[in-house]
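Here's the letter readout for the chains.
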Amino acid sequence: MGATRATGKGKRKRKSGPISKNDAHRPTNFLGTMQAIPHGPGIANLGNSCFMAAALQCLFHTAPLLRAVRNYHCPCKSCWICTFKNYIDKAINPASKPKPFYPYDFYEKLKDFSFPPRTQQDSHDFMTQFLGKLGKVTTTEGKYVVANEFGGTLINQITCLVCGLISGDPEKMLHIALPLVNSHSIEESFNIFTQTEYLDSKSLCEFCQEQRYKTKSYIIGRTPNILVLQLLRYQYEKQTNGMVKLTHPVEYSSTIDISKFTRQANVKCEYEMYAMIVHEGSHLNSGHYIAYVRCSKEKWFCFNDSEVSAISEQEVLSKQPYVIFYAKESVALFSELMKPEPEVIDLDSKSEDQALLADLKKLKPKQKSKIIDLDRIIGSERKDQDLIKPKPEPEVIDLDSKSEDQALLADLKKLKPRQKSKIIDLDRIIGSERKDQDLIKPKPEIIDVDTVDSERKDQVEVIELD
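Residues numbered from 1 in each chain as written. Predicted model: local features only at pLDDT ≥ 70, side-chain atom pairs only at ≥ 80, totals over all residues. Heavy atoms only, no water.

Caption draft 1: Representation of the nonpolar core in the model. Within the largest apolar cluster, 65 residues are counted, with the highest numbers of intra-cluster contacts made by Leu-65, Phe-84, Phe-106, Leu-110, Phe-126, Phe-130 and Phe-325. Dropping the residues within four chain positions of it, Leu-65 is found in contact with Leu-59, Phe-84, Leu-131, Leu-134, Val-145, Val-146 and Phe-150. Judged by nonpolar contacts, the second largest core, of 31 residues, contains Ile-220, Ile-258, Met-276 and Ile-290. (Core = buried A, V, L, I, M, F, W, Y, C linked by side-chain atoms within 4.5 Å. Buried < 20%, exposed > 50% of the residue type's maximum accessible area, 1.4 Å probe, protein only. Contact = heavy atoms within 4.5 Å.)

Quick look at the structure:
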């Protein structure tokens, strides 16, 4: 029922950076040992089932929902949650590609939604009921994922025209429905939805304690992490006594700022589009549904039943959507969920590093120009953990002493390499200085023995020449 307004223009780039382990929206350790996939598989049409396939594609590529369902344990093995979880396990398995997925289990369960078999249904209606079936799925933090990601509140504000008292209780919402009658853009639709309406009859004002005329208007209370906008393209027509489709084009953007329609209008509330459902056709009970999904920062894909193809964002924005999925910047894209888990180094294990540091400190200082940078040996991560407190003065190594060098080399070789980027080039530590010293050694002086006086003969080494 509600709507918000799009004021964002142009294209806002998503910030890049490391994934925080404390950010529930940007998870790691999802694939385990499996190889990452760029997108999910196509979904075969079992007979007028494109409405279901399009909705499933958009929800499958919603990273927080995908992660929560896969990690959720349900003992029944046959409910909608288990059916979706089984689909996820098959869809992310690279061995199943490029074969399409056949949603027989989903198709058999459509009777739970009172959908007649093999008939075209409303894709948004299916999506709403399906999210209701996933309502008890919790995240690893113990939050209900549907309510936490898709849920927000909509407030129907009632204002007294005499004292200005504003009343109204927040109502839960999972999507916002925008009217398209007399509207040619998302922004106009939001303005229509949130416009002030004067009530015809008086009602009791709690402050005035008298019957007063009032106004009402909608405003968004709590904003969802994932904003789902349904564009109301179907309208009842008296002449035909049925629903007709509004086919006029509607202007929209890849980004949206709904701050104007929230309680905190001075605080930016920006979203970026990541999925869209398009209905092709002129009637509600016929036509075809197609899903468009942004799987990474620069890559969009078209999911037309079992066929999956790459598509540019410019082409996507030329389509006329029925349902648009927007996400806050904190919400991960599908590709971020597919990233393999980064190598974890146990920073609490200090024995090897401390042993190496102790051996280095035993060396006698002679030349400051031959310092080994301890930060390169220990690793930049050690700085963050403050393992070296305070930072020791640079240690000088006696590279003229071969025995100490060989001992150091032996200790260095005992270390197990964890990252190739942190391997110390032993030739640079020991070898290069040896070469430099050999190059600058003075050549022996050649003296005519017959010309040397008797006092210096004892100090001269005589070499017989042929």
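Caption draft 2: The arrangement of helix α7 (residues 186-194) in detail. Taken together, the buried positions of α7 are Ile-186, Ser-189, Phe-190, Phe-193 and Thr-194. For α7, the angular spread of the buried residues around the axis is 120°, confining them to a single face. As for α7, its buried residues are in contact with β1 (152-160), β4 (176-179), β8 (214-220), β9 (226-232), β12 (255-257) and β17 (323-327). (Helix = DSSP H or I, 4+ residues; strand = E, 2+ residues; numbered from the N terminus. Arc of directions from axis to C-beta.)

Caption draft 3: Molecular detail of the side chain of His-124. In this fold, His-124 is placed in helix α5 (residues 123-133). Exposure remark for His-124: the relative accessible area of 5% places this residue in the buried category.

Caption draft 4: Main features of the pattern of salt bridges. Applying the stated criterion across every chain, the model contains 5 salt bridges. Two residues, Glu-210 and Arg-212, come together in a salt bridge whose shortest N-O distance is 3.5 Å. Take Glu-210: its relative accessible area is 43%, and that puts it in the partly exposed class. With its nearest N and O atoms 3.8 Å apart, the salt bridge here joins Lys-268 to Glu-270. Residue classification places Lys-268 among the exposed positions, given a relative accessible area of 65%. In this structure Glu-270 comes out as partly exposed when scored by relative accessible area, which is 30%. Through salt bridges with shared partners, one network takes in Glu-272, Arg-294 and Glu-313. (Salt bridge = Lys/Arg side-chain N within 4 Å of Asp/Glu carboxyl O.)

Caption draft 5: Spotlight on empty space enclosed by the protein. In total, this model carries 3 cavities of 30 Å³ or more according to the counting rule given. Roughly 50 Å³ of volume is contained in the largest cavity. Considering the residues around the largest cavity, the lining is formed by His-61, Thr-62, Ala-63, Tyr-274, Ala-327, Val-331, Ala-332, Leu-333 and Phe-334. Of the residues in the lining of the largest cavity, the class split is 7 nonpolar, 2 polar and no charged. Each pocket or cavity is described by its volume, and for the second largest cavity that value is around 40 Å³. Lining the second largest cavity are Cys-50, Ala-53, Ala-54, Gln-57, Tyr-289, Ala-291, Phe-303 and Asp-305. When residues of the lining of the second largest cavity are traced back to their parent elements, those giving at least two are α1 (50-60) and β14 (288-294). With 4 residues, the single largest contributor to the lining of the second largest cavity is α1. Partitioning the lining of the second largest cavity into residue classes produces 6 nonpolar, 1 polar and 1 charged. (1 Å grid on protein atoms, 1.4 Å probe; cavity = no way out; pocket = protein on both sides within 12 Å on 5 of 7 lines; lining within 4 Å. Points joined across faces, edges and corners; volume = space filled by probe spheres on them. Nonpolar A, V, L, I, M, F, W, Y, C, P; charged D, E, K, R; others polar.)

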